[in-house]
Amino acid sequence: MDVAYSNTNVTLIGISGGISYGALGMSHHSAQDIAAMSAIPNMRVYLPSDRFQTAKLTKALLKDEKPAYVRVGRNAVEDIYSEEICPFEMDRATVIRDGKARTAADADFEGADLAIIACGEMVRPACDAAILLKKQGVQAVVLDMYCVKPLDAKAVVLAARSAKAVLTAEEHAPFGGLGSMVSQVVGSECPKKVVNLALPDAPVITGNSKEVFDYYGLNAEGIAQKAMEILPDCR
């Protein structure tokens, strides 16, 4: 509150976010941080998806003088980008399609059946789900929405207008997070079916991160399955 109220040049780092300490149970989870931090005026909220994007975000934040909150996990995650290919624009989503990453300004959304919008550790399974869906004849575009606040509303609208439905995925409670924000934008700008995949509004099971994600369908197979469930209603 002190940082945001005085609009101070401070970046807050939330370590071991989400269910990183999954085996220790609900008392060690932080599944409401996006909602809590986003509700504070002047506070920006970021969830980078891998080490390369984290590095670019860190360098960008060092150049400005506004408050920010960055959530990072506890465990190593698989790379999405690389030293050579890591498109980055401050407060603009990165678009991943057919294994190629572009900034939102350079992306092609046409012909996509589904827009998958994910943040943080959910971006990797979202990309893998897009590969599974392509084998079933479904074209999916993935938005890496590392900038949850300010949300890249322009990219959300472009993706939603071109797709039959929107599916969000987040390591967060179902209220006040990425899914809620995306739904607000789509509902006001280009009404379309939006389904949110998130942790439940209940005590989360005990287990390591993979076990928890698998249990709640927050993995490539679960995202792809949910996509196939909602798309028939949108054809």
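All values reported here derive from a predicted model rather than from experimental measurement.

**Quick look at the overall build of the chain**
When you go through the chain residue by residue, the secondary structure sums to eight helices and ten strands. What you see for the chain is a C-alpha radius of gyration of 17 Å, in line with the 18 Å of a compact globule of 235 residues. In terms of overall dimensions, the chain has C-alpha extents of about 50 × 40 × 35 Å along its principal axes. Among the 235 residues that make up the chain, the fraction classed as buried is 52%.

**Here's the deal with the packing of helix H5 (residues 153–162) against helix H6 (residues 178–189)**
For the pair H5 and H6, interaxial distance at closest approach is 10 Å and the crossing angle is 60°. Taken as a pair, H5 and H6 cross one another with a handedness that is right-handed. The segment H5 lies against H6, with Ala153, Val156, Val157, Ala160 and Arg161 engaging Val182, Val185, Val186 and Glu189. Its residues placed into classes, the contact of H5 with H6 shows seven nonpolar, no polar and two charged.

**Focus: the sheet that holds strand E8 (residues 147–149)**
Sheet architecture is open: four strands sit in the order E1-E3-E2-E8, paired in mixed fashion. Only two strands of the sheet have a single neighbouring strand rather than two, namely strand E1 (11–14) and E8. Taking each pair of neighbouring strands and ignoring which way they run, the sheet shows an average axis angle of 25°. Where strand E2 (residues 44–46) and strand E3 (residues 68–71) come together, three bridges link them in parallel fashion. Bridge pairing in E3 links arginine 44 to alanine 68.

**Quick notes on the packing of aromatic side chains**
Inspection of every chain in the model, using the stated rule, returns three aromatic pairs. Seen from their ring centres, tyrosine 46 and tyrosine 146 are 5.9 Å apart, and the 20° between their planes marks the pair as stacked. One end of the pair, tyrosine 46, is in strand E2; the other, tyrosine 146, is in the loop between strand E7 (140–144) and E8, with 100 residues separating them in the sequence. Judged by relative accessible area, which is 0%, tyrosine 46 ranks as buried. Taken together, a centroid distance of 4.9 Å and an interplanar angle of 85° make the contact between tyrosine 215 and tyrosine 216 edge-to-face. Note on tyrosine 215: relative accessible area 56%, which makes it exposed.

**Quick word on the nonpolar core**
In this structure, Tyr46, Ile117, Leu143, Met145 and Val156 are the most contacted members of the largest nonpolar core, which totals 43 residues. Filtering out sequence-adjacent residues up to four positions away, isoleucine 117 remains in contact with Leu143, Met145, Val156, Val166, Leu167, Thr168, Ala169, Leu178 and Val182. Grouped together as the second largest cluster of nonpolar side chains are 36 residues, Ala31, Tyr81, Ala129 and Tyr216 included.

**Side note on the sheet that holds strand E6 (residues 114–118)**
In space, the six strands of this open sheet follow the order E5-E4-E7-E6-E9-E10, with mixed pairing throughout. The sheet is open, and its two borders are formed by strand E5 (100–103) and strand E10 (194–197), each paired with just one other strand. The sheet shows a mean angle of 25° between the axes of neighbouring strands, direction not considered. With five bridges connecting them, E6 and strand E9 (residues 165–169) associate as parallel partners. Note on E9: the bridge partner recorded for alanine 118 is alanine 169.

So, how was this worked out
Each chain carries its own residue numbering, running from 1 in the written order of its sequence. Given that the model is predicted, a residue must reach a pLDDT of at least 70 before its local features are reported, and side-chain atom pairs must reach 80 or more before they are shown or counted; all residues, however, enter totals for whole chains, interfaces and linings. Neither water nor hydrogens contribute to the side-chain values; these are computed over all heavy atoms in the structure. Secondary structure elements follow DSSP: runs of H or I of four or more residues count as helices, runs of E of two or more count as strands, with numbering from the N terminus. Throughout, the radius of gyration refers to the C-alpha atoms, and the reference size of a globule is 2.2 Å times the residue count to the power 0.38. Residue exposure (1.4 Å probe, protein chains only): buried if accessible area is under 20% of the type maximum, exposed if over 50%, otherwise partly exposed. The angle between two axes is taken between their N-to-C directions and runs from 0 to 180 degrees, where each axis is a line fitted to C-alpha atoms and a helix contributes only its stretch in contact. Each crossing is labelled by how the near helix is turned from the far one, with a counterclockwise turn of less than a right angle marking it left-handed and a clockwise turn marking it right-handed. Whether two residues are in contact is decided by their heavy atoms: any pair within 4.5 Å suffices. Three classes are used, and their members are as follows: Ala, Val, Leu, Ile, Met, Phe, Trp, Tyr, Cys and Pro are nonpolar, Asp, Glu, Lys and Arg are charged, and the others, Gly among them, are polar. Any two strands with at least two DSSP-identified bridges between them are counted as paired. Between rings of Phe, Tyr and Trp, where Trp is taken as its six-membered ring, a pair exists when centres lie within 6.5 Å; planes separated by under 30 degrees are stacked, by over 60 edge-to-face, and by other angles tilted. We define a nonpolar core as any set of buried Ala, Val, Leu, Ile, Met, Phe, Trp, Tyr and Cys residues linked to one another through side-chain atoms lying within 4.5 Å.

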